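Residue-level listing of the chains:
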Amino acid sequence: MADPILEGRGLTKRFGGLIAVDGVDIAIERGEICGLIGPNGAGKSTLFRLISGVMRPTAGTVTFNGRPITGRSAHDICVAGVAVTHQIVRPFRDMSVVENVMVGAFFGHRPRPRGRGGARAAAMEELEVCGLADRAESPARSLTLGGHKRLEIARALATRPKVLLLDEVLAGLNPTETDRTLDLVRTVRERGTTIVMVEHNLRAVRGVCSRIVVLVEGRKIVEGDPDAVLTDERVVSAYLGTAAHA
Amino acid sequence: MSYGLALIYGVLKIINLANAGFLMLGAYVTWWLFTAYHVDPLLAPLVIIPVFFLIGVGLERTLVRRVLGSEPIISLLLLFGVWLVLQNLAYVIWTGDTRSIENSFIESTVKLGGLQLSIPRLYVFAMGVLSLIALQLFLTRTYLGRAIRATAQDRDAARLVGVDVDRVMGIAFGIGIALAGFGGSLLSLLFSFTPDFGRVLSLKSFCIVVLGGLDSIVGVAFGSVALAIAEAFGVRYMPASMQDLISFVVLVVVLVALPKGIVGTLRSLRRG
Amino acid sequence: MARNGAFAAIAIAALVAVPFVAPHAEYALDVLFLIFLYGAMATAWNLVGGFAGQVSFGHAAFLGIGAYATAIMTQNGISLWISVPVSALLAGAYSLVIGIPAFRLRGPYFSIATIGIGEATRLIARNWSSLTGGVSGLTLSSAPPLLLQYFAALALLVAAVGLAAWIRASRFGYALAAVRQDTDAAETLGVATTVAKTQALFLSACILGVAGSVYALHYLFVSPDSVFGFSTSIALVIMPIIGGLGTVTGPLIGAVIYTFIREQLAATLANVDLLAFGVLLIAIVVFEPRGILGIADRIRRMRKPPAVTVPDG
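Residues numbered from 1 in each chain as written. Chains lettered and ligands numbered in written order. Predicted model: local features only at pLDDT ≥ 70, side-chain atom pairs only at ≥ 80, totals over all residues.

Peer 1: Explanation requested: the overall build of chain A in the structure shown.
Peer 2: The secondary structure content of chain A amounts to nine helices and 10 strands. Here the C-alpha atoms of chain A give a radius of gyration of 18 Å, agreeing with the 18 Å that 2.2 N^0.38 yields for 246 residues. Among the 246 residues that make up chain A, the fraction classed as buried is 48%. Counting only contacts in chain A whose residues sit at least 6 apart along the sequence, the fraction spanning at least 24 positions is 67%. (Helix = DSSP H or I, 4+ residues; strand = E, 2+ residues; numbered from the N terminus. Rg over C-alpha atoms; globule rule 2.2 N^0.38 Å. Buried ≥ 20, exposed ≤ 12 C-beta atoms within 10 Å, placed from the backbone. Contact = placed C-beta atoms within 7 Å.)

Peer 1: In this structure, what is going on with the overall build of chain B? I would like to understand it.
Peer 2: In terms of regular secondary structure, chain B is built from 13 helices and two strands. In chain B, buried positions account for 49% of the 272 residues. In chain B, once contacts between residues fewer than 6 apart in sequence are set aside, the share between residues at least 24 apart is 73%.

Peer 1: Quick question: what am I supposed to make of the pairing of strand 9 (residues 211–216) of chain A here?
Peer 2: Across a regular strand the side chains alternate sides, sitting on one face of the sheet and then on the other. Residue and element names in this part refer to chain A. Along strand 9, five of the six residues are buried, which leaves the element largely enclosed by surrounding structure. Two elements, strand 3 (residues 33–37) and strand 9, share four bridges in a ladder whose sense is parallel. Pairing of L36 across the sheet is with V213, part of strand 9. Of the pairings in the sheet, the one linking strand 9 to strand 10 (residues 219–224) comprises five bridges and is antiparallel in character. Paired with L215 across the strands is K220, a residue of strand 10. (Pairing = 2+ DSSP bridges.)

Peer 1: Would you explain the packing of helix 4 (residues 115–130) of chain A against helix 5 (residues 145–158) of chain A in this entry?
Peer 2: The axes of two packed helices give the description: the angle between them and the distance between them. All names here are of chain A. Contact geometry for helix 4 and helix 5: axes closest at 9 Å, N-to-C directions at 135°. Here helix 4 lies oblique to helix 5, going by the angle between them. With respect to the hand of their crossing, helix 4 and helix 5 are arranged in right-handed fashion. Residues A122, A123, E126, L127, V129 and C130 of helix 4 form the contact with helix 5, whose own contacting residues are R150, I153, A154, L157 and A158. Along the lines of polarity and charge, the residues of the contact of helix 4 with helix 5 split into nine nonpolar, no polar and two charged. (Axes fitted to C-alpha atoms, helices over the stretch in contact; angles between N-to-C directions. Parallel < 35°, antiparallel > 145°, perpendicular 65-115°, else oblique. Left-handed = near helix turned anticlockwise from the far one by under 90°. Nonpolar A, V, L, I, M, F, W, Y, C, P; charged D, E, K, R; others polar.)

Peer 1: Would you mind going over helix 3 (residues 60–75) of chain C with me for this structure?
Peer 2: Because an α-helix packs 3.6 residues into every turn, residues spaced three or four apart end up facing the same way. Residues and elements named next belong to chain C. The terminal C-alpha atoms of helix 3 lie 22 Å apart, and with 16 residues this matches the ideal 22 Å at 1.5 Å per residue to within 8%. The element helix 3 is extensively covered by neighbouring structure, given that 14 of its 16 residues are classed as buried. The positive-phi residue at the C-terminal boundary of helix 3 is G77, with phi of around 75°. (Expected span 1.5 Å × (residues − 1).)

Peer 1: Would you mind going over the environment of C:T43 with me for this structure?
Peer 2: Take C:T43: it is sitting in helix 2 (residues 26–51). Taking the C-alpha atoms as reference points, C:T43 and C:G254, 211 residues apart in sequence, are found 9.7 Å from one another.

Peer 1: Honestly, the packing of helix 2 of chain C against helix 7 (residues 146–169) of chain C in this entry has me stumped. Any pointers?
Peer 2: All names here are of chain C. Packing of helix 2 against helix 7 leaves a shortest axis separation of 9 Å and a crossing angle of 25°. As the angle between them shows, helix 2 and helix 7 are arranged roughly parallel. The two elements helix 2 and helix 7 meet at a crossing, and its hand is left-handed. Residues L29, L32, F33, F36, L37, G39, A40, T43, A44, N46, L47 and F51 of helix 2 pack against L146, Q149, Y150, A153, L154, L156, L157, A160, V161, A164 and I167 of helix 7. Counted by class, the contact of helix 2 with helix 7 contains 19 nonpolar, four polar and no charged residues.

Peer 1: Could you clarify how one ought to interpret the nonpolar core in this entry?
Peer 2: The nonpolar side chains of soluble globular proteins are, as a tendency, buried together. All names here are of chain C. Counting 240 residues, the largest nonpolar core has M41 and A211 as the members making the most contacts within it. By residue number, the principal contributor to this core is helix 10 (residues 193–219), which donates 15 residues. In this structure M41 touches L63, L208, A211 and L236, once residues within four positions along its chain are discounted. (Core = buried A, V, L, I, M, F, W, Y, C linked by C-beta atoms within 7 Å.)

Peer 1: Would you explain the sheet that holds strand 5 (residues 67–68) of chain A in this entry?
Peer 2: Backbone hydrogen bonds hold the strands of a sheet together, and the pairing may be parallel or antiparallel. Residue and element names in this part refer to chain A. One open sheet holds the four strands; their spatial order is 2-1-4-5, and the pairing between them is antiparallel. Each edge of the open sheet is held by one strand with a lone partner, namely strand 2 (18–28) and strand 5. Note that strand 1 (residues 6–15) and strand 4 (residues 59–64) share five bridges and pair antiparallel. Bridge pairing in strand 4 links R9 to T61.

Peer 1: Help me understand the sheet that holds strand 6 (residues 82–84) of chain A, please; the structure alone is not making it clear to me.
Peer 2: Residues and elements named next belong to chain A. Taken together, the six strands give an open sheet; going across it, the order is 6-7-8-3-9-10, and neighbouring strands pair in mixed fashion. Bordering the open sheet on either side are strand 6 and strand 10, each of which pairs with just one other strand. Put simply, the sheet's adjacent strands are angled 20° from each other on average, direction ignored. With four bridges connecting them, strand 3 and strand 8 (residues 194–198) associate as parallel partners. Looking across to strand 8, one finds that I33 is bridged to I195. The strands touched by helix 1 (residues 44–52) are strand 3, strand 6, strand 7 (163–167), strand 8 and strand 9; relative to strand 7, the strand with the most contacts, the crossing angle is about 150°.

Peer 1: Would you mind going over the environment of A:T159 with me for this structure?
Peer 2: Mapped onto the elements, A:T159 comes out in the loop between helix 5 and strand 7. The sequence separation of A:T159 and A:G81 amounts to 78 residues, and the corresponding C-alpha distance is 7.6 Å. Ignoring any residue separated from it by four or fewer positions in sequence, one finds A:T159 in contact with A:C78, A:A83, A:G104, A:G108, A:H109, C:L189 and C:G190.

Peer 1: Any chance you could explain the pairing of strand 3 of chain A here in plain terms?
Peer 2: Extensive coverage of strand 3 of chain A is indicated by the burial of five of its five residues. Burial of the side chains of strand 3 of chain A extends over both faces: A:I33, A:G35 and A:I37 are buried on one face and A:C34 and A:L36 on the other.

Peer 1: What should I look at first to understand unusual backbone geometry in this one?
Peer 2: Leave glycine aside and you will find that most residues have negative phi; peptide bonds, for their part, are mostly trans. Residue and element names in this part refer to chain A. Positive phi values are uncommon outside glycine, yet R160 reaches one of about 50°. For R160, the location among the structural elements is in the loop between helix 5 and strand 7. One non-glycine residue, E168, lies in the positive phi region at around 50°. Assignment of secondary structure puts E168 in the loop between strand 7 and helix 6 (175–190).

Peer 1: Looking at this model, I keep getting lost on the environment of A:S142. Mind explaining?
Peer 2: Residue and element names in this part refer to chain A. Mapped onto the fold, S142 is located in the loop between helix 4 and helix 5. Of the residues examined, S142 has 11 C-beta atoms within 10 Å and is grouped as exposed. Considering only alpha carbons, one finds S142 and S96, 46 residues apart in sequence, at a separation of 9.2 Å.

Peer 1: Would you take a moment to explain the confidence of the model for chain B for this structure?
Peer 2: It should be kept in mind that the predicted coordinates are not to be read in detail where pLDDT is low. Residue and element names in this part refer to chain B. With 62% of its residues at a pLDDT of at least 70, chain B reaches an overall mean of 73. Mean pLDDT values over the elements of chain B span from 50, in helix 13 (residues 261–271), up to 86, in helix 3 (residues 44–67). Overall fold confidence (pTM) sits at 0.86, and the ipTM for the predicted complex is 0.87. (pLDDT = per-residue confidence, 0-100.)

Written as structure tokens, this is what we have:
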């Protein structure tokens with residue numbers, strides 16, 4: 001990969017004695033949809049937090065568009081162009097759906113939108129894309145889980161990211177909602193946004209991702225073409241291993 | 001005194017601002033039993049501990065439980081309201097005059113080597129250590145104590161293994177309040193007090209608890225010693241009226257610098 | 001919005017007219033003055049405690065700094081045109097000194113730290129006798145005419161409420177609301193949360209600094225236990241909560257209720273007023289955390305169920 005848009009080198013995060021992420025190198029290509037998979041506790045969400053600035057890595061560096069962003073604050077990184085959705089949805093509960101998205105539009109991208117009207121227009125665009133336009137004025141807390149997940153995406157999109165990190169946006173969705181969300185992911189990529197998605201639904205990952213990275217116990221064990229990766233012996237045993245535990 | 005605060009925080013994950021009120025109330029009840037019924041102040045805790053426990057359980061059932069699900073700031077405000085009520089109820093009942101308990105025990109001293117030591121101070125110190133030991137034993141050796149610790153660590157997991165979490169939270173709150181009352185009763189032997197009594201002490205309690213780590217009982221004992229030393233040192237270099245200032249400054253510095261407390265910081269240093 | 005603006009204009013016009021219509025109703029003017037002052041203070045507190053959700057129990061510090069700064073400068077013959085703005089800036093500067101470390105703390109921890117900060121500030125004022133006159137405080141000799149005080153307090157109130165209304169509808173208001181509801185989510189959407197909180201605290205402190213000036217010139221006496229007192233901080237917490245946390249008009253309603261209850265009860269028995277506020281606070285927190293405005297909203301909904309009403313406060 002000659003010119004990755006986002007690159008992590010030697011990323012490590014320790015919590016006390018526990019190593020959640022252990023020396024991970026990861027490079028994301030411009031315009032790809034990259035799947036990040038692994039059993040529970042593999043450090044996928046932690047890796048996202050390190051990249052998006054929510055947590056500081058114990059060691060390692062992150063570069064975005066060739067510039068180091070390690071240790072910068074989450075809001076800086078968001079403005080720079082890396083947005084993240086939350087695995088457990090975190091809407092602003094007292095705001096309406098469109099107001100939630102307006103927060104992303106107001107603060108997430110440069111140049112700033114013109115006033116409230118500008119932010120609102122930008123927010124409505126993303127709601128259209130995410131299929132939430134008809135719920136724009138509803139209180140955010142009134143949405144279904146599928147709606148909440150799409151709201152997370154709409155909010156992140158409103159920051160006009162170059163890279164979008166999706167943390168288990170499919171978890172808990174029914175098949176119809178899953179298909180709808182996968183279509184949405186493809187649409188977003190069409191717009192030129194690079195996507196990295198943490199996902200447990202391997203069938204969905206295989207369908208939408210052009211490349212897969214596998215984390216097990218904080219380490220990267222395999223990466224590459226979806227079909228090759230998913231049949232890889234080490235990946236299969238890692239998954240079966242956890243299945244046996246459960 | 002501070003143990004109650006740590007217990008309530010640990011189990012219910014709420015910060016009991018009403019602690020100050022119950023501390024003050026403990027002191028007043030001791031004084032009132034003494035002046036009105038000539039009850040020996042040393043016996044007052046026998047009344048205070050059970051009564052305050054029941055008040056605590058009742059308070060948890062009627063008010064605190066209703067706000068446990070909402071944002072932490074709501075429970076903080078609720079208990080702040082309870083404190084306001086207690087404090088000003090005390091003003092209305094007992095006025096703002098300074099009260100103190102005086103009997104022969106309070107003034108007694110003992111010579112130990114060349115040192116003149118005040119017996120009540122020794123007594124309060126001993127009771128503090130004793131209650132620490134008792135609480136630690138209770139939490140580690142009894143079923144209820146273990147249930148409390150389990151709830152403190154993970155409420156849902158505790159519920160899954162059959163702990164009646166609601167009851168445990170009520171009891172933990174009750175014990176916390178009883179400890180505050182007990183602390184107040186002990187402190188009434190050492191200091192004179194007004195309805196505002198608990199405020200400074202309670203802030204010191206926060207300071208101690210934060211120093212020690214918010215949910216560790218042993219940490220709380222560490223915290224008390226650390227604060228006492230800081231104050232004792234401070235007094236040498238500045239007027240006595242500034243003594244409280246040290247507590248507040250320590251409180252703020254510790255909150256900002258060591259959010260995990262001394263024990264927590266040591267723990268993570270050891271691991272890291 | 002337009003209706004609110006028209007209503008506000010009428011209200012301001014009526015309040016401006018009061019002293020001319022009833023120039024001898026000194027008690028009424030005095031009560032109104034207090035409502036203006038408390039209303040401005042509660043509105044200022046609400047910027048941080050309500051809009052940004054960072055409940056401070058130490059806001060008396062800013063009032064105290066404003067009051068002392070004005071008192072000291074007035075004693076030294078410095079004009080109010082200079083001393084009042086300087087008081088505001090000093091309070092604002094102090095807010096930066098404490099806000100920058102304190103905002104590393106979240107929610108309840110921040111609140112507890114503010115109790116410590118408030119008390120530490122009071123104790124410094126008590127002990128720094130050469131500057132503050134210690135426990136006995138400072139006395140000023142002559143007050144500006146009551147009419148001037150009345151208009152000064154009204155102007156401060158209008159400015160504070162105007163600022164709050166503007167903030168609420170602005171980009172900054174969205175930042176504060178996002179911080180209040182989920183600081184981490186706000187951060188990942190590009191909101192510089194610590195900066196937003198610090199800005200809100202700075203504005204709040206400046207308003208309280210001016211309120212301190214008005215206070216000092218009205219009472220002609222400032223002491224550590226009055227302006228820096230914990231009861232002042234308590235009042236600042238209670239008023240917005242009674243009226244409606246995080247709304248524009250809530251703190252005003254709270255200030256009106258607070259002033260009336262105090263005037264009625266303080267005369268009967270000491271501390272009964274605070275007792276009543278404690279009960280009121282508990283009741284509101286348990287039954288309707290949105291305060292009086294929340295109750296009003298419920299009643300409106302009960303009357304006409306089909307209409308979707310949003311409290312725009």
